[in-house]
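Overview (structure and organization)
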Amino acid sequence: MSALLSGQLLFAALVVGSVYVIIALGLNLVFGTMRLLDAAHGDVVMLGAYTSFWLFTLVGMPPLLSMLIAGGLCAGLGVAVYKGLFRRLLADTRLPRRLEGNSLLVFFGISIILQNFAALCFDTTPRAYLYLDGVIRVGNLAMTENRIAELATAVILCVIIFLFLRFHIYGLAIKALIQNRQAAAVVGVNIERIQLLSFAIGFGLAGIAGSLISMTEQITPFMGFPFTIAAFVTVILGGLGNLIRGMAAGMFLGFVEIYGVALTSSSLDSVLIYGVFIVVLYLQSQDFLGGRQKS
Amino acid sequence: MTPPIPTRAALIFVGVIAVAALLPKLGNEYLVAVALSFAMWVALAQSWTVLCGMTGYGSFGHAAFYGIGAYVQALAWGVVSPWLSVPLAGIASCLFALVVGYPALKVRGPYFVMLTFGLAEFMKYSIIGVEARLGQFSRLIIGAPSPNELFLVMLGLAAAATLITFVVAGSRFGYGLRAIREDEQAAETVGIPVARYKLIAFGLSTFIPGMVGAVMAMRLSYFEPSQAFDPLISFNIVLMAMIGGSDDARGPLLGALFFVGLSELLWARAPQVYMIVLGALLIIFVLFAPQGLAKLLFGKTRPRAS
Amino acid sequence: MSFLTIRDVSKSFGGLQALRNVSFEVEPSEVVGLMGANGAGKTTLFSLIAGHARPSAGSILFKGRAISGLRPDQICRLGIARTFQIVRPFANMSVLDNVIVGALYGVRQERSRAQAAARAMAILTDLGLAERADDLASSLTLSGQKRLEIARALATAPELLMLDEVMAGLTATEVAEMLAAIQRIKDRMPLTILVVEHVMQALMQLSERVIVLHHGEMIAHGTPREVAIDPRVITAYLGQPP
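What this report covers is the structure whose coordinates are included nearby. (Residues numbered from 1 in each chain as written. Chains lettered and ligands numbered in written order. Predicted model: local features only at pLDDT ≥ 70, side-chain atom pairs only at ≥ 80, totals over all residues.)

**A word on the nonpolar core**
Counting residues in each nonpolar core, the largest one holds 276 residues, and the members touching the most others are Ile-23 of chain A together with Ala-43 and Met-154 of chain B. Setting aside chain neighbours within four positions, we find Ala-43 of chain B in contact with Met-154, Leu-157, Ala-158, Ala-161, Ile-208 and Val-212 of chain B. (Core = buried A, V, L, I, M, F, W, Y, C linked by C-beta atoms within 7 Å. Buried ≥ 20, exposed ≤ 12 C-beta atoms within 10 Å, placed from the backbone. Contact = placed C-beta atoms within 7 Å.)

**Examining the packing of helix 9 (residues 224-238) of chain A against helix 10 (residues 243-263) of chain A**
All names here are of chain A. Contact pair helix 9 / helix 10: the axes reach a minimum separation of 8 Å and the direction vectors enclose 130°. Here helix 10 runs oblique to helix 9, going by the angle between their axes. By crossing handedness, the relation of helix 9 to helix 10 is classed as right-handed. Contact residues: Ala-230, Val-233, Thr-234, Val-235, Leu-237 and Gly-238 in helix 9; Arg-245, Gly-246, Ala-248, Ala-249, Gly-250, Phe-252 and Leu-253 in helix 10. (Axes fitted to C-alpha atoms, helices over the stretch in contact; angles between N-to-C directions. Helix = DSSP H or I, 4+ residues; strand = E, 2+ residues; numbered from the N terminus. Parallel < 35°, antiparallel > 145°, perpendicular 65-115°, else oblique. Left-handed = near helix turned anticlockwise from the far one by under 90°.)

**Things to note about the sheet that holds strand 5 (residues 65-66) of chain C**
All names here are of chain C. Read across the sheet, four strands follow the order 2-1-4-5 without closing on themselves; strand pairing throughout is antiparallel. Two strands in the sheet have a free side with no partner beyond their single neighbour: strand 2 (16-26) and strand 5. Across five bridges, the pairing between strand 1 (residues 4-13) and strand 4 (residues 57-62) is antiparallel. Bridge assignment links Ile-6 to a residue of strand 4, and that residue is Ile-60. (Pairing = 2+ DSSP bridges.)

**Some details on the interface of chain A and chain B**
How big an interface is tends to be expressed through the accessible area that disappears when the partners come together. Between chain A and chain B, the contact holds 36 residues from the first and 31 residues from the second. Elements supplying a minimum of two residues to the side of chain A that touches chain B: helix 3 (63-92), helix 4 (96-122) and helix 11 (269-285) of chain A. Residue contributions to the side of chain A that touches chain B peak at 16 residues, all from helix 4 of chain A. When its residues are assigned to classes, the side of chain A that touches chain B shows 21 nonpolar, 12 polar and three charged. (Nonpolar A, V, L, I, M, F, W, Y, C, P; charged D, E, K, R; others polar.)

**Regarding the pairing of strand 4 of chain C**
Residues and elements named next belong to chain C. The pairing of strand 4 with strand 5 spans two bridges and is classified as antiparallel. Paired with Leu-61 across the two strands is Ala-66, which belongs to strand 5. Linking strand 4 to strand 5, which pair antiparallel, is a turn of two residues; within it Lys-63 sits at a positive phi near 50°.

**Comments concerning unusual backbone geometry**
Not every positive phi belongs to a glycine, and Ser-221 of chain B is a case in point at roughly 65°. Along the polypeptide, Ser-221 of chain B turns up in the loop between helix 9 (194-220) and strand 2 (222-223). Judged by local crowding, Ser-221 of chain B falls into the partly exposed class, with 13 C-beta atoms found within 10 Å. Located in the positive-phi region is Asn-21 of chain C, a residue other than glycine, with phi close to 50°. With respect to the helices and strands, Asn-21 of chain C occurs in strand 2.

**Quick look at the arrangement of the chains**
Contacts between protein chains span two pairs of chains, and they are most numerous for chains A and B. A minimum C-alpha distance of 11 Å separates chain A and chain C, which share no contact.

Rendered as structure tokens:
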């Protein structure tokens with residue numbers, strides 16, 4: 001019994017964790033390059049989920065295809081948000097620390113707008129659809145095909161992003177910007193363009209994650225929030241801008257959630273996530289996670 | 001050090017309260033309901049300003065203190081008289097704040113914002129869990145005082161909160177808080193006991209919200225955790241502070257007025273549009289008028305030496 | 001018992017040793033200069049005295065009382081004030097309010113705003129900032145902000161004033177103005193001053209005694225003249241024996 005449980009749970013944790021990794025990767029791009037606190041990130045995930053849902057329901061497009069469209073649309077949203085709102089904020093601020101605080105509020109406003117816009121357009125009934133719902137059994141382990149696809153896609157995406165950041169010139173530029181903004185400018189990185197790219201990729205990844213999630217979870221306009229929290233926990237645990245550690249942290253969070261819920265009860269799911277959230281935030285300020293805040 | 005009280009403002013203040021106290025006599029239930037709502041938001045926003053506006057430690061989780069107050073009231077109903085349970089609710093909130101604030105206030109800037117938000121949600125889900133364990137999904141308050149009576153109490157709370165903020169803003173303590181907002185380390189260097197002051201401000205900012213929660217629990221006649229700890233409460237407070245301004249007692253008044261007006265116009269008819277407008281307002285004010293309407297309308301006027 | 005005693009003070013940050021066995025004493029009403037290349041440990045020493053950090057070893061005594069381990073606000077109330085190497089005014093408060101804060105929370109702990117304001121104005125006049133009293137602190141020039149920091153520090157009614165590179169970034173004229181202002185302050189009240197400076201000419205002019213730090217160690221101390229011709233100092237600065 002416990003063997004079955006741990007195999008099943010392991011698979012579940014991997015799936016949940018891999019999705020967290022993708023979402024957190026997107027957040028890390030926005031957060032890491034520009035120190036903007038994207039409180040709307042989970043809501044972009046929600047938009048991606050709705051995109052895939054409607055494309056499947058209306059034209060029968062499989063989510064593994066529509067995720068590209070979801071990613072593209074969300075990337076476009078990212079570009080719009082950057083050009084419309086944040087370019088001004090990034091250029092204008094006198095004190096960099098006010099930027100973080102202001103960005104949090106602005107993104108929170110965006111989050112409210114996205115949630116309620118979705119509620120207005122799609123109403124609040126939870127949506128779901130069935131796709132790839134066959135089950136594959138390996139020994140005692142039962143895995144639904146859609147979850148396997150989710151995991152596989154997330155892993156492939158991770159590899160692509162990793163390679164991009166490692167070998168492509170824009171990827172390197174992004175990493176440079178995360179490490180040291182001024183130095184990056186001095187060596188000729190086009191800050192403006194890289195920031196735009198970070199926004200686009202960051203939002204795009206969230207959209208794709210939403211598509212993946214839509215295969216297995218219910219979709220509501222307000223589903224995004226827990227993902228935002230999870231993404232922040234992951235990014236902070238992994239260290240700002242540290243992408244490898246961020247991946248590990250995402251996986252870790254997935255495991256904590258699945259095993260934590262299994263050990264206690266499903267209603268403690270939120271208590272756990274927020275508990276980890278506040279502990280992580282506190283530890284971060286106390287230097288444990290390598291992030292001693294300057295005043 | 002108490003601030004000089006401008007006589008004209010004091011007279012207006014007392015006058016408004018006196019008139020408001022007579023409102024129930026008009027017999028218009030709707031009017032009393034709106035006025036109660038306004039008084040509630042004034043009380044909450046003024047209290048919030050004492051900590052957040054003045055020190056810059058923007059709490060995004062004040063719903064937690066409102067909720068704790070409501071919970072205490074729900075638990076104490078029928079056991080003790082409201083005259084006792086309401087102040088008790090305030091004390092409970094305050095104690096919680098002091099305990100939690102000690103580590104929490106070591107976290108700076110936007111991380112404090114996120115921390116307080118997380119804390120409020122954590123409290124919410126914890127209490128939902130506890131209540132579920134106890135077999136309760138909501139608690140009823142039967143035989144609560146009338147809306148008119150509750151309105152008068154809320155009016156009192158609003159007046160008290162406004163007074164507290166006014167006194168703090170113009171006092172020596174207020175100078176200290178503002179210095180903390182500007183530069184915490186430099187403030188410490190000139191002799192301000194930073195950690196202690198932050199904690200005092202935090203406690204002060206949660207006492208009245210606890211009582212507000214208790215009063216509202218009676219007003220609604222029931223307590224339900226996800227409602228009492230609704231993050232929207234925190235969001236609304238922050239929004240009012242952004243719109244109205246949060247450096248002294250005038251801002252929250254303007255913010256609450258604006259907010260209640262908007263809410264009466266839109267909320268019942270088109271709740272999603274209403275929320276979208278709120279979100280847009282937050283963005284607009286953060287980007288274009290971060291110090292709120294108070295700054296726009298009144299400019300900078302603080303008492304001067306000469 | 002001397003006014004300020006630094007005894008065998010060392011400080012390391014992880015692997016980096018910022019100060020090693022530094023010992024010296026400061027007598028009341030003295031002006032002591034602290035000299036050394038970047039990274040020599042001067043600002044670290046200030047941080048230790050002001051209470052922003054604790055020494056890894058050694059002790060710091062002020063008026064006979066051990067102060068390492070006290071909080072910065074407690075140390076201020078004992079009578080030690082400092083300025084910062086990179087100015088840190090209360091940017092969105094007025095110039096006058098900046099100084100009033102010092103008066104309210106310093107040694108005297110003024111309770112009356114009117115009295116605090118009066119004292120603040122007097123100090124601002126001494127430092128040539130009286131006309132800018134109602135302007136925002138952020139609107140001052142660098143020279144003005146540096147003088148504002150000194151004014152704020154003075155408002156706390158200190159007995160020991162620590163000036164951290166107040167001349168940095170100032171033009172020659174502004175340096176002269178600053179020197180004159182400090183002289184005025186010295187004449188007006190009994191103050192012991194510890195000065196960290198890079199601008200050699202200003203340091204030598206101000207100090208009665210100079211202490212030289214190099215890589216966290218004290219390599220020389222004496223009158224400005226003595227230190228200027230000390231072979232160890234010359235080696236440290238010019239890199240070759242005379």
